[in-house]
Amino acid sequence: MVKAIEWKEDRVLILDQRALPLEVRYIECNDYLAVVEAIRNLSIRGAPAIGIAAAMGVALAASQQKASYFAGFYRVMKKVMDAMIATRPTAVNIEWAMKRMDSLLLANSGLGTQELKEMLIEEALKIHREDVEANRKIGQYGASIIKEGYGILTHCNAGALATGGYGTATAPMLVAKEQGKRFKVFADETRPVLQGARLTAWELMQCGIDVTLITDNSAGWLMNRGMINLAIVGTDRTTINGDVANKIGTYTLAVLCKEHGIPFYVAAPTSSIDFAMSKGEDIAIEQRSPEEVTTIQGKRIAPEGVKALNYAFDVTPAQYVTAFLTEKGIFKPQELQNLAWL
Ligand code: MRU
């Protein structure tokens, strides 16, 4: 499986997901501004992956710093961290990763800048490693919900490409496959950026998982026909009460699942849970350019001048979520608050 992001001593390599699946090409980020741009333009996307990218961007900026005193060093690093946080507002993983980098800096203000640079690089690599480990655990816990012969619905891309590796919503599928279970995955194409069609379908095919692409508006009908046994999606930010921000269309699926009596699971590493936010209403929902809606891959499909609304995410209230698949186990929405202490 190709890697979404890699640290290379003096630069960060980012797989340009905008070109997938037609072309596998990498962007070489030689400074933090290139990382900022790659997050903004969706070359790298998916909550955990952009958290890792932001941490590596900070490490890159630190390694290029000239300041020899802490105050000057910290001032520049703060500016870099703020730039990372400003890229995309919905995924909590960026703030979470920046908090880790910031706390490390403040806790070690007495050290020399060379040591600080090394610490920040190591912390970014640790955030990456921990994400892959968390995903594997999500897979181990989550595989238990997949039974022989199941049809599983997923939305957007919450796979290896959206994370440090292995994926969150896809991790239980990978483990279930290793266990020899046979099942089918239905991937929503996920308009307007088509993460399902371009990324999830591509990724799952590479892993030898039986995947079928569907248009977003097919999900209800497949449920009606008894073809879906469960849904697993990712999250960009889950609040402490269990409300889930995820790719636009997730809310629609969750409501449909409830109507059809289909369990609706959210794969959520604890880095995607905002333990400081009490409810989904408080989540900032990113709105992107209307052009993503009026064009497909650069080709206009709507009348010139038409208005288009492009919310990138929606919020699914906790009442629609069966349970969360986390690296610490499987939890009901009302149990999430206990996770902060585990
Ligand atoms: O706009 P994107 O492609 O960054 O949106 C990604 C999603 O909505 C994912 O489902 C979410 O980030 C979870 S990824 C493990």
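Structural notes, computed from the coordinates.

Quick word on the site of the ligand
Lining the immediate environment of the ligand, one finds 18 residues, of which R45, R88, Q195, N246 and K247 sit closest. Within the side chain of R88, an N or O atom sits 2.8 Å from an oxygen atom of the ligand. Between the ligand and the protein, one listed contact pairs an oxygen atom with a side-chain N or O atom of K247 at 2.7 Å. When the ligand is considered free in solution it has 420 Å² of accessible area, and contact with the protein chains removes 99% of it. Mapping the ligand onto the cavity grids shows that it belongs to the largest cavity. Elements that contribute at least two residues to the shell around the ligand include exactly α2 (47–63) and β9 (244–247). Broken down by class, the residue content of the shell around the ligand amounts to 6 nonpolar, 8 polar and 4 charged.

Observations concerning the layout of surface pockets
Over the atoms rolls a probe the size of a water molecule, and its path tells where empty space is left. Computed from the structure, the largest pocket encloses a volume of approximately 430 Å³. Lining of the largest pocket is provided by 26 residues; of these, W96, R100, T270, S271 and E327 occupy positions nearest its centre. Within the lining of the largest pocket, the residues separate by chemical class into 12 nonpolar, 4 polar and 10 charged. There are two domains that each give the lining of the largest pocket at least three residues, and those are domain 1 (5–136) and domain 2 (145–341). What lines the second largest pocket is a set of 16 residues, among which P192, V193, R198, E292 and Q297 lie closest to the centre. Among the secondary structure elements, those contributing two or more residues to the lining of the second largest pocket are α10 (291–294) and β12 (295–296). Here the residues of the lining of the second largest pocket sort into 5 nonpolar, 5 polar and 6 charged. Domain assignment of the residues forming the lining of the second largest pocket places at least three in each of domain 1 (5–136) and domain 2 (145–341).

Things to note about the sheet that holds β9
Spatially, 4 strands are ordered β11-β8-β9-β14 in an open sheet, and the strand pairing comes out mixed. Because the sheet does not close on itself, it has two edges, and the strands there are β11 (273–274) and β14 (313–316). Pairing geometry for strand β8 (residues 237–239) and β11, over 2 bridges, is parallel. Each residue of the ladder has a partner; that of T238, found in β11, is I273.

What to know about helix α1 (residues 32–40)
Within the sequence span of α1, burial applies to Y32, V35, V36, A38 and I39. Seen along its axis, α1 keeps its buried residues to an arc of 165 degrees; they face one direction. The elements touched by buried residues of α1 are β2 (11–15), β3 (26–29), α2, α3 (70–85) and α4 (92–107). Of the residues trailing α1, L42 is marked for its positive phi of about 70 degrees.

What counts, and where the lines are drawn
- Residues numbered from 1 in each chain as written.
- Predicted model: local features only at pLDDT ≥ 70, side-chain atom pairs only at ≥ 80, totals over all residues.
- Heavy atoms only, no water.
- Near = heavy atom within 4 Å.
- Polar contact = N/O pair within 3.5 Å; in protein donor to acceptor, adjacent residues only side chain to side chain.
- Areas by Shrake-Rupley, 256 points an atom, 1.4 Å probe, with all protein chains shown as cover.
- 1 Å grid on protein atoms, 1.4 Å probe; cavity = no way out; pocket = protein on both sides within 12 Å on 5 of 7 lines; lining within 4 Å.
- Sits in = over half its atoms within 2 Å of the grid points.
- Helix = DSSP H or I, 4+ residues; strand = E, 2+ residues; numbered from the N terminus.
- Nonpolar A, V, L, I, M, F, W, Y, C, P; charged D, E, K, R; others polar.
- Points joined across faces, edges and corners; volume = space filled by probe spheres on them.
- Domains from an automatic or database assignment.
- Pairing = 2+ DSSP bridges.
- Buried < 20%, exposed > 50% of the residue type's maximum accessible area, 1.4 Å probe, protein only.
- Arc of directions from axis to C-beta.
- Contact = heavy atoms within 4.5 Å.

Everything listed here is a matter of geometry and, on its own, says nothing about what the molecule does.
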